[in-house]
Amino acid sequence: MAYIVTKLVTSEKSIEFFLIGSYSDMKAAAAAATEEYKEYNKKASFINLEMVNEWLSTRGEYSFRQDTKNRLQLDISQVEENQAIPQEQQKIFTCSEDEKTFINISKALVPDGISQASK
């Protein structure tokens, strides 16, 4: 069994997807993902890092929103070694022009994280 760690970083100007690495056990994968979180959130305390590591070890995913426009998503996926990934699971990320339009509409409707209707 192998564990693959991935990172998705969303900012105001871009969406970036990273393949962090492959690890032989869940604890090593969680430690690598926690290091990515630590680099992203420089203000994280030791206790916060321990909680994130525990969450990643048990849940396999973690999402942190710095503000309304900046977000980090970490994921640990379990895969069988020496086995091809099924074709329907090979595509990692796609953002079409239509989705960009919906993202821009959403930003216009909810510019500061609070919907116009709730204001």
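Presented here is a report on the structure given in the accompanying data block.

Thresholds applied
- Residues numbered from 1 in each chain as written.
- Predicted model: local features only at pLDDT ≥ 70, side-chain atom pairs only at ≥ 80, totals over all residues.
- Heavy atoms only, no water.
- Salt bridge = Lys/Arg side-chain N within 4 Å of Asp/Glu carboxyl O.
- Helix = DSSP H or I, 4+ residues; strand = E, 2+ residues; numbered from the N terminus.
- Buried < 20%, exposed > 50% of the residue type's maximum accessible area, 1.4 Å probe, protein only.
- Pairing = 2+ DSSP bridges.
- Axes fitted to C-alpha atoms, helices over the stretch in contact; angles between N-to-C directions.
- Contact = heavy atoms within 4.5 Å.

What follows concerns the pattern of salt bridges. Tallying each qualifying case throughout the model produces 3 salt bridges. When the shortest N-O distance is used, the salt bridge between Lys7 and Glu36 registers 2.8 Å. One end of the pair, Lys7, is in strand β1 (residues 2-10); the other, Glu36, is in helix α1 (residues 26-40), with 29 residues separating them in the sequence. With respect to burial, Lys7 and Glu36 carry one shared label: buried. The salt bridge involving Lys69 is made with Glu12; its shortest N-O contact spans 4.0 Å. Of this pair, Lys69 sits in the loop between β3 (61-65) and β4 (71-79) while Glu12 sits in the loop between β1 and β2 (15-23), placing them 57 residues apart in sequence. We classify Lys69 as partly exposed; its relative accessible area is 37%.

A few words on the sheet that holds β3. Backbone-to-backbone hydrogen bonds join strands into a sheet, with any given pair of strands oriented parallel or antiparallel. Taken in spatial order, the 4 strands line up as β2-β1-β4-β3 in an open sheet, and their pairing is antiparallel. Every other strand in the sheet has two partners, leaving β2 and β3 as the edge strands with one partner each. This sheet shows a mean twist of 15 degrees between the axes of neighbouring strands, independent of strand direction. Note: β1 against β2, 8 bridges, orientation antiparallel. If you follow Val9 over to β2, its bridge partner there is Glu16. On the sheet, α1 packs against β1, β2, β3 and β4 and is oriented at approximately 170 degrees with respect to β4.

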